[in-house]
Amino acid sequence: MTPARSPRRTPLALLAAIALAALACGGGSTPPPPVDVSPVPAADPGSALPDGWERGPFAEIYVRGYQDSDGDGVGDLRGLASRLDHLADLGVRGIWLMPVTASQDHDHGYAVADYRGVEPGYGTLEDLDALVAAAHARGIGVILDYVMNHSAATNPLFLNSADDKSNPYRGWYVWRSSQPSGWSVYGGNPWRQSGTGWYYAPFATNMPDFDLANPAVAAYHADSQRFWLNRGVDGFRFDAVGMLYENGPGAWNDQPENYVRMAEVRALLDGYERRFMVCEGPDDPAGFTAACGSAFAFGLQSDVMGAARGDAAAVARVAAYFEDPARLAASTLLSNHDAFAGQRPWDQLGGDEARYRLAAATYLLLPGIPFVYYGEEIGMGGAASLSGDWRLRTPMSWTGDARTAGFTTGKPFRALSSNAATHNVEAEQGRAGSLLEFYREVIALRRAVPALDRGGYEGARASGATLSFRRTLGTSHALVLLNYDVVPLTLPVTGLPPGAALAPRLPATAPAVTADAAGAASFDLPALSVRVYTWDG
């Protein structure tokens, strides 16, 4: 889709565009643009956030699609700031902003043209500072998407690297004088030709990979990360950490150096107060959770959705997932901005709200750090007229307005969600039984009960289309029961404290239950339902 406006261009961006045109011809009389690799020493401003903010839940925000503040049809930082109360009311303790750095693509942002500047269509550094301050005032942390694997082809660093083999920045990217053979990354040839050689860019021609084995490159990224941390940003989501190093045609994913590098980045963040990072490593979530402190639990989201459909095998896999203590710090999700992680839950479940609630309750009550993709809390669907990732990245549905969904006073940059007329914030706000109120209730319960917020995981049992597990932290205990079946049933549970009085918390109107002298109790579960009980002691 073509954006509603052309982003403002800086003189540096114009130089980059001219140099990029010359790149295909092997350089020319136009000199490459200047670069800024100035060192940035650590200057921790401290943290205004409470202890534990990093346990979430987080909201993943596509700034371009969240709220437009100036009527140009494109979301921006000021628009997001105007909607912070919605996120605070939802109960999230952090927000992950998809790339807000200046980019070549002017859309998803993963082709980074300037690691220390804001995408002009989103606003300014001062707008970002104001957003962070406003979020902090509400107890919400802000983490930025950071792309360390590759840059934009218009990034001045790459334009210098590609200009001439003798350029001092040549070694900042991965180059070969002739096309390497035997390579296939995600089914395609990752080597791209320019006038001065072949460069490695597995994702796209406009996303050349850095050579992170070059100490100068590693130092530049550390300086750029400190640039944001020094401004008060609360951490990062790191993109594509499985792809950081390449050791040959069959050794380009999850290389040993990747884990070492991310552990070094984690150490950098540990030099600041209460900072958080999470990594995207789809093929090794456990390994990158260990290296980064947290990584997305890819694979689990598919099983949660399968469980919500009543798939007994998926229920069993969900039950077993957190039995490995190393996974307790993983970050969980139902879907995100990438189609490989699945369509929006509304579309996956065919609009079945009962099963949608089960999917939401499952991942919000399990261990881990939940990430709610924007619009998930209202049941936003994808855009029926779009495909691929674009289908998932539509304007937020604030109202049922058929033209704008309350996202802008102008023309939205992209098609609206397919169900914006019925599933929007205005329609669901304060309405008993709505998905939005359900999300608020479950998140509030998670945050109120220490065992659910940060407790361990024990007693997990899958039986057909039912799941039960306990969460415990000190004297705080919670029992979670889920019936994914279409028929009501009675579920026996053992391993409870003898004589314990279990108080119903979700819903609070469920009958109270007392364990017998052997620590057993039976629970009547309606079809497609969730029950949560708590006790102390």
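Residues numbered from 1 in each chain as written. Predicted model: local features only at pLDDT ≥ 70, side-chain atom pairs only at ≥ 80, totals over all residues. Heavy atoms only, no water.

Enquirer: Sorry, what's going on with the confidence of the model for the chain here?
Expert: Any residue range with low pLDDT should be treated as having predicted coordinates unsuitable for detailed reading. Of the residues in the chain, 95% reach a pLDDT of 70 or more, and the chain-wide mean stands at 95. This stretch, residues 1-19, has a pLDDT under 50; its non-local contacts, to residues over four places away or in other chains, come to 33 contacts. (pLDDT = per-residue confidence, 0-100. Contact = heavy atoms within 4.5 Å.)

Enquirer: Looking at this structure, I do not really get the pairing of strand β4 (residues 112-118). What am I missing?
Expert: Summarising burial for β4: 6 of the 7 residues are buried, a large majority. Taken together, the 3 bridges between strand β3 (residues 101-103) and β4 define a ladder with antiparallel strand orientation. Paired with Ser-103 across the two strands is Val-112, which belongs to β4. (Buried < 20%, exposed > 50% of the residue type's maximum accessible area, 1.4 Å probe, protein only. Helix = DSSP H or I, 4+ residues; strand = E, 2+ residues; numbered from the N terminus. Pairing = 2+ DSSP bridges.)

Enquirer: Just checking my understanding: could you explain the layout of surface pockets for this structure?
Expert: Rolled over the atoms, a probe with the dimensions of a water molecule shows which regions are left empty. In this structure, the largest pocket occupies an estimated 500 Å³ of space. Taken together, 23 residues form the lining of the largest pocket, with Phe-203, Asp-239, Glu-280, Asp-338 and Phe-340 sitting closest to its centre. Among the residues forming the lining of the largest pocket, the class breakdown is 12 nonpolar, 5 polar and 6 charged. Both domains that furnish three or more residues to the lining of the largest pocket are identified here as domain 1 (55-149 + 214-448) and domain 2 (152-211). (1 Å grid on protein atoms, 1.4 Å probe; cavity = no way out; pocket = protein on both sides within 12 Å on 5 of 7 lines; lining within 4 Å. Points joined across faces, edges and corners; volume = space filled by probe spheres on them. Nonpolar A, V, L, I, M, F, W, Y, C, P; charged D, E, K, R; others polar. Domains from an automatic or database assignment.)

Enquirer: Sorry, what's going on with the sheet that holds strand β18 (residues 513-514) here?
Expert: For sheets, the rule is that strands pair by backbone hydrogen bonds, running either parallel or antiparallel. If you trace the 6 strands from one edge of the open sheet to the other, you get β13-β14-β15-β20-β17-β18, paired in antiparallel fashion. Either end of the sheet is taken by a strand with one partner, and the two such strands are β13 (458-463) and β18. Here β13 runs beside strand β14 (residues 466-473); their pairing, made up of 4 bridges, is antiparallel. Bridge assignment links Arg-461 to a residue of β14, and that residue is Ser-468. With respect to the sheet, helix α14 (residues 435-448) is in contact with β17 (501-506) and β20 (529-536), its orientation differing from that of β17 by roughly 140°. (Axes fitted to C-alpha atoms, helices over the stretch in contact; angles between N-to-C directions.)

Enquirer: Sorry if this is basic, but what is going on with the packing of helix α9 (residues 300-308) against helix α10 (residues 312-321) here?
Expert: For any two helices packed against each other, the geometry is given by the interaxial angle and the distance between the axes. Axis separation between α9 and α10 bottoms out at 8 Å; the angle between their running directions is 130°. One element, α9, and the other, α10, form an angle in the oblique class. Between α9 and α10 lies a crossing of left-handed hand. The residues of α10 that touch α9, namely those facing Leu-300, Asp-303, Val-304, Gly-306 and Ala-307, are Ala-314, Val-315, Arg-317, Val-318 and Tyr-321. Tallied by class, the residues present in the contact of α9 with α10 amount to 7 nonpolar, 1 polar and 2 charged. (Parallel < 35°, antiparallel > 145°, perpendicular 65-115°, else oblique. Left-handed = near helix turned anticlockwise from the far one by under 90°.)

Enquirer: Please clarify how the pattern of salt bridges should be interpreted in this entry.
Expert: Opposite charge on two side chains lets them pair, provided their charged atoms get close. Using the criterion set out here, one finds 26 salt bridges in the structure. Two residues, Asp-107 and Arg-64, come together in a salt bridge whose shortest N-O distance is 4.0 Å. Taken together, the positions of Asp-107 in the loop between β3 and β4 and Arg-64 in the loop between β1 (58-61) and α2 (77-82) put the pair 43 residues apart, joining distant regions of the chain. There is no split in this pair, since Asp-107 and Arg-64 are both buried. Between Asp-347 and Arg-391 there is a salt bridge whose closest N-O contact spans 3.7 Å. Of this pair, Asp-347 sits in helix α11 (residues 345-348) while Arg-391 sits in the loop between β12 (369-373) and α13 (425-428), and the two are 44 residues apart along the sequence. Given the relative accessible area of 24%, Asp-347 is considered partly exposed. By sharing partners, the salt bridges in this structure join Arg-55, Arg-93, Asp-453 and Arg-454 into a single network. (Salt bridge = Lys/Arg side-chain N within 4 Å of Asp/Glu carboxyl O.)

Enquirer: Looking at this structure, how should I read the UniProt feature "domain: Glycosyl hydrolase family 13 catalytic" (unreviewed entry) in the chain?
Expert: When the UniProt feature table is mapped onto this chain numbering, "domain: Glycosyl hydrolase family 13 catalytic" (unreviewed entry) sits at residues 60-446. Spanning residues 60-446, this segment combines 32% helix with 12% strand, and its end C-alpha atoms are found 18 Å apart. (UniProt positions renumbered as here; feature names shortened; annotations may be inferred.)

Enquirer: Could you clarify how one ought to interpret the environment of Glu-437 in this entry?
Expert: With respect to the helices and strands, Glu-437 occurs in helix α14. Since its relative accessible area comes to 22%, Glu-437 is described here as partly exposed. Along the primary structure Glu-437 and Asp-89 are separated by 348 residues, whereas in three dimensions their C-alpha atoms are 10.0 Å apart. Apart from the residues lying within four places of it in its own chain, the contact partners of Glu-437 are Glu-428, Gln-429, Gly-430 and Arg-431.

Enquirer: Sorry if this is basic, but what is going on with the sheet that holds β12 here?
Expert: Here 7 strands make up an open sheet; going across it, the order is β10-β9-β5-β2-β1-β12-β11 and the pairing parallel. The two strands at the open ends of the sheet, each matched to only one other strand, are β10 (276-279) and β11 (331-333). If you compare each strand with its neighbour and ignore which way they point, the axes differ by 25° on average. Sheet analysis places strand β5 (residues 141-146) next to strand β9 (residues 235-238), joined by 3 bridges and oriented parallel. From the neighbouring strand, Tyr-146 faces β9, where its bridge partner is Phe-238. Packing against the sheet, helix α4 (residues 125-137) makes contact with β2 (94-97) and β5, and its axis sits at approximately 140° to β5.

Enquirer: Please clarify how the packing of aromatic side chains should be interpreted in this entry.
Expert: With the rule as written, the count across this model stands at 39 aromatic pairs. Ring centres of Phe-298 and Phe-340 lie 5.3 Å apart, and the angle between their planes is 45°; this geometry places the pair in the tilted category. With Phe-298 in the loop between α8 (285-292) and α9 and Phe-340 in the loop between β11 and α11, the pair connects residues that are 42 residues apart, well separated along the chain. Here Phe-298 falls in the buried class, since its relative accessible area comes to 10%. Ring-pair connections join several aromatic residues into one group, and the members of that group are Tyr-115, Tyr-146, Phe-158, Tyr-169, Trp-172, Tyr-173, Trp-175, Tyr-199, Phe-210, Tyr-220, Phe-236 and Phe-238. (Phe/Tyr/Trp six-rings, centres within 6.5 Å; stacked < 30°, edge-to-face > 60°.)

Enquirer: Looking at this structure, I do not really get the state of the cysteines. What am I missing?
Expert: Disulfides are covalent bonds that connect the sulfur atoms of two cysteines. If you walk through the whole model with that rule in mind, you get 1 disulfide. Each disulfide pairs two cysteine sulfurs, and for Cys-279 the partner residue is Cys-292, the sulfurs being separated by 2.2 Å. Measuring handedness by torsion sign, the sulfur bridge of Cys-279 and Cys-292 sits at about -100° and is left-handed. With Cys-279 in strand β10 and Cys-292 in helix α8, this pair connects stretches of sequence that are 13 residues apart. For the pair shown, Cys-279 and Cys-292 are each scored as buried. (Disulfide = S-S within 2.5 Å.)

Enquirer: Any chance you could explain the pairing of β2 here in plain terms?
Expert: Working note: regular strand, side chains alternate between the two faces of the sheet. The alternating pattern of β2 places Gly-94 and Trp-96 on one face and Ile-95 and Leu-97 on the opposite face, and all of these are buried. Pairing of β1 with β2 involves 4 bridges; the strand directions are parallel. Along β2, the bridge assignment pairs Ala-59 with Ile-95. Relative to β5, β2 is paired through 4 bridges, and the arrangement is parallel. Its bridge partner lying in β5, Gly-94 is registered against Gly-141.

Enquirer: Help me understand the environment of Trp-175 in this model?
Expert: Here Trp-175 shows up in strand β6 (residues 175-176). Placed 36 residues apart in sequence, Trp-175 and Asp-211 show a C-alpha to C-alpha distance of 8.9 Å. Excluding its chain neighbours within four sequence positions, the residues that come into contact with Trp-175 are Phe-158, Ser-161, Ala-162, Arg-170, Trp-191, Ser-194, Thr-196, Gly-197, Trp-198 and Tyr-199. Within the structure, the side chain of Trp-175 is placed 2.8 Å from the side chain of Ser-161, a separation counted as a polar contact. (Polar contact = N/O pair within 3.5 Å; in protein donor to acceptor, adjacent residues only side chain to side chain.)

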